[in-house]
Amino acid sequence: MLTLFRNDRSASEPDQAVIAKPPGATGATREQYELACSDVDVRLVDAAQAAQSVMNGSARRRVLIIVENLPVPFDRRVWSEASTLARHGYEVSIICPKGPQATASFELIEGIAVYRHWLPKEGRGVLGYLAEYSAALFWEFALSLKILATRGFDVIHACNPPDLIFVVGAFYKFLFGKSFIFDQHDISPELYEAKFGRRGLLWRAMVLLERVTFALADVSIATNQSYRSIALERGRMNPDRVFVVRSGPNLARVRSLPSDPAWKKGRKFLVAYVGVIGKQEGLDLLLQSISHIRGERNRDDVQFVIVGNGPELDEVKKLAAALELDELVTFTGRVDDATLFTILSTADVCANPDRPSAMNDKSTMIKVMEYMALGKPIVQFDLTEGRVSAGESSLYVQNADTAEFGDKILELLDDPVRRDRMGAFGQKRVYDVLAWDHGAVSLLSAYKKLFDLRH
């Protein structure tokens, strides 16, 4: 899972803060950023006009997005997609689970209709997942029928995991002629293997469900080139129906705030982690690195903050206590954006300890690009898509070596000039290539293709 619950103080009431600016954004550098933004604006207008020309014909433009992973608007990718579509003339409805700070069964946010349903606690075994997925499918069917009878929809936009939403999509495609988009947020077979450390019958079932989902899809959306390759190879999709829409940070949301030394608790440096706290996110590896920093390197001048929630939070806290790291590590749980970006603005280095696995190697992590957007240097394990995203803004550690991870953190903390250089590189890359505005162009192109196919 690539995102976490966050309290945005409601999507219609953004925090009052300064949008992150690239370091040294004056003179030629500022012109470079303005040219990049202008190019995105032009491409957005072109894509929107092309899509609008299709929609002015017989095709409708009502979209139903279904997501089970997180509630909206706290699933940042889904909210960015929905907001982009709504701004460009689509009527958007969303079905998603309830969650903390998202308990209303229905909410209209910026013109987007959000329908939320009850869901059991995230499953940890076969029976738990069966209960979770069965409940989700029931409510997705029930709410989709309600939306069909009221607001209506012409397209079902399915966001995995799990790869079961095709059941709803197939019902409406074959009986009502609706279109189906598969938005692959996670690669479920690799996610299963990362969680359970094995393959077997259920893994093969995941591969089959993924293949069926691709077979049903009129258009599919991939978060990066690795996922696109899966759509082409395992999914056997036509290349002109697969679009890469990166989960880049929305620069209207990712904000640089004044630092708050209180988060350092009297220590010289702060290292931050933001994200889901699950098995594949490798927080246990980060804690072992912290233990190395204190025990083997005799450093007591670094405070760590771990922001987020997830199924492994209690276990991670127990491990921190067992390693006697309580005073060095602050667990915040879910926080609002003002707190989140204050922590990140205060941090000297950011950590991405995602455990090396087939899934993490192919997945793009939103947290990495949020670190980059705020100009923060990163330490992470050496994974393919991690390198694609971060490039020279990160140091890379081989083979889940926690001692080396800790040493790389100290290497950056002790070299402020290098930190500044790496942070500037990452921030420029976000503005030039990775920010959501670039992904929005591809999203609108995917929808233009879809409506072309509906003619």
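Note that the coordinates shown come from a computational prediction; the quantities given were computed from them, not determined experimentally.

Criteria and cut-off values
- Residues numbered from 1 in each chain as written.
- Predicted model: local features only at pLDDT ≥ 70, side-chain atom pairs only at ≥ 80, totals over all residues.
- Heavy atoms only, no water.
- Helix = DSSP H or I, 4+ residues; strand = E, 2+ residues; numbered from the N terminus.
- Expected span 1.5 Å × (residues − 1).
- Buried < 20%, exposed > 50% of the residue type's maximum accessible area, 1.4 Å probe, protein only.
- Contact = heavy atoms within 4.5 Å.
- 1 Å grid on protein atoms, 1.4 Å probe; cavity = no way out; pocket = protein on both sides within 12 Å on 5 of 7 lines; lining within 4 Å.
- Points joined across faces, edges and corners; volume = space filled by probe spheres on them.
- Nonpolar A, V, L, I, M, F, W, Y, C, P; charged D, E, K, R; others polar.
- Pairing = 2+ DSSP bridges.
- Axes fitted to C-alpha atoms, helices over the stretch in contact; angles between N-to-C directions.
- Phe/Tyr/Trp six-rings, centres within 6.5 Å; stacked < 30°, edge-to-face > 60°.
- Lys NZ or Arg CZ within 6 Å of the ring centre and 35° of its normal.
- Parallel < 35°, antiparallel > 145°, perpendicular 65-115°, else oblique.
- Left-handed = near helix turned anticlockwise from the far one by under 90°.
- Salt bridge = Lys/Arg side-chain N within 4 Å of Asp/Glu carboxyl O.
- Patch = residues over 30% accessible without salt bridge, like charges linked within 9 Å, V, L, I, M, F, W, Y side chains within 5 Å.
- Areas by Shrake-Rupley, 256 points an atom, 1.4 Å probe, with all protein chains shown as cover.
- pLDDT = per-residue confidence, 0-100.

Caption draft 1: Inspection of helix α6 (residues 201–216) at higher detail. The end-to-end C-alpha distance of α6 is 23 Å, a good match for the 22 Å that 16 residues give at a rise of 1.5 Å each. Residues of α6 that are buried: Trp-203, Val-207, Glu-210, Thr-213, Phe-214 and Leu-216. Buried residues in α6 make contact with α4 (166–176), β7 (179–184), α5 (188–196), β8 (219–222) and α7 (225–233).

Caption draft 2: Structural view of empty space enclosed by the protein. In total, this model carries six cavities of 30 Å³ or more according to the counting rule given. Volume-wise, the largest cavity comes out at about 90 Å³. Listing elements by their share of the lining of the largest cavity, those giving two or more residues are α2 (76–87) and α12 (366–373). With three residues, the single largest contributor to the lining of the largest cavity is α2. Within the lining of the largest cavity, the residues separate by chemical class into three nonpolar, four polar and four charged.

Caption draft 3: The sheet that holds strand β12 (residues 302–307), seen in detail. A sheet is described by the order of its strands in space; here six strands give the open sequence β13-β12-β11-β14-β15-β16, paired in parallel fashion. The sheet terminates laterally at β13 (329–333) and β16 (394–397), the two strands that pair on one side only. On average, adjacent strands in this sheet sit at an angle of 25° to one another, irrespective of strand direction. Where strand β11 (residues 269–274) lies against strand β14 (residues 349–352), two bridges are found, and the strand directions are parallel. Residue pairing for β14: Ala-272 is matched across the bridge by Cys-350. Of the strands in this sheet, β11, β12, β13, β14 and β15 (378–381) touch helix α8 (residues 283–295), which is tilted by about 170° from β12.

Caption draft 4: Main features of the sheet that holds β7. The strand order across the open sheet built from eight strands is β4-β5-β3-β2-β6-β7-β8-β9, with neighbouring strands paired in mixed fashion. Looking at strand neighbours, the two that pair on one side only are β4 (106–109) and β9 (242–244), the edges of this open sheet. The mean inter-strand angle of the sheet, taken between neighbouring strand axes irrespective of direction, is 20°. Inspection of the sheet shows β7 paired to β8 by four bridges, in the parallel sense. Bridging across to β8, Phe-182 finds its partner in Ser-220.

Caption draft 5: Quick peek at the packing of aromatic side chains. What the rule picks out here adds up to 12 aromatic pairs. Pairing Phe-381 with Phe-405 gives two aromatic rings, centres 4.8 Å apart and planes at 45°, and the pair type is tilted. With Phe-381 in strand β15 and Phe-405 in helix α14 (residues 402–413), the pair connects residues that are 24 residues apart, well separated along the chain. Exposure class is identical for Phe-381 and Phe-405. Each is buried. When the ring centre of Phe-153 is taken as origin, the NZ or CZ atom of Lys-178, which lies over that ring, is 5.7 Å away. For the cation-ring pair, Arg-387 lies above Tyr-396, with the distance from its terminal atom to the ring centre recorded as 4.0 Å.

Caption draft 6: The arrangement of the packing of α4 against α6 in detail. Taken N-terminus to C-terminus, the directions of α4 and α6 make an angle of 30°; their axes are 10 Å apart at the nearest point. The angle between the axes of α4 and α6 places the two elements in the roughly parallel class. Considering only the axes of α4 and α6, their crossing is left-handed. Contacts between α4 and α6 involve Phe-166, Gly-169, Ala-170, Lys-173 and Phe-174 from the former and Leu-209, Val-212, Thr-213 and Leu-216 from the latter. The residue makeup of the contact of α4 with α6, split by class, is six nonpolar, two polar and one charged.

Caption draft 7: Examining the pattern of salt bridges more closely. All told, the structure shown has 28 salt bridges when counted by the stated rule. With a closest N to O distance of 3.7 Å, Arg-267 and Asp-300 form a salt bridge. Highlighted residues: Arg-267 in the loop between β10 (255–256) and β11 and Asp-300 in the loop between α8 and β12, separated in sequence by 33 residues. With relative accessibility at 17%, the residue Arg-267 sits in the buried group. Beyond isolated ion pairs, a larger network of salt bridges with shared partners links Arg-267, Arg-294, Asp-300 and Glu-327.

Caption draft 8: The arrangement of unusual backbone geometry in detail. Of note, the amide linkage connecting Asn-160 to Pro-161 takes the cis form, showing an omega dihedral of 0°. Assignment of secondary structure puts Pro-161 in the loop between β6 (155–159) and α4. One non-glycine residue, Arg-236, lies in the positive phi region at around 55°. When you line up the elements, Arg-236 lands in the loop between α7 and β9. With a phi close to 55°, Asn-399 is a non-glycine residue in the positive phi region. Relative to the helices and strands, Asn-399 resides in the loop between β16 and α14. Residue classification places Asn-399 among the exposed residues on the basis of a relative accessible area of 72%.

Caption draft 9: Region of the structure containing a nonpolar patch on the surface. Side chains of Trp-118, Phe-138 and Trp-139 sit close together on the surface and give an oily, nonpolar patch of about 360 Å² of accessible area. Within the element layout of this structure, Phe-138 appears in helix α3 (residues 126–149). Phe-138 gets classed as exposed once you look at its relative accessible area, which sits at 51%.

Caption draft 10: Region of the structure containing the confidence of the model for the protein. Taken over all residues, the pLDDT of the protein has a mean of 88, while the share at 70 or more is 86%. Of the regions scoring below 50 in pLDDT, residues 1–34 engages in 93 contacts with residues more than four places distant in sequence or in other chains. With pLDDT under 50 throughout, residues 50–59 is counted as low confidence; its partners more than four residues away or in other chains account for 15 contacts.

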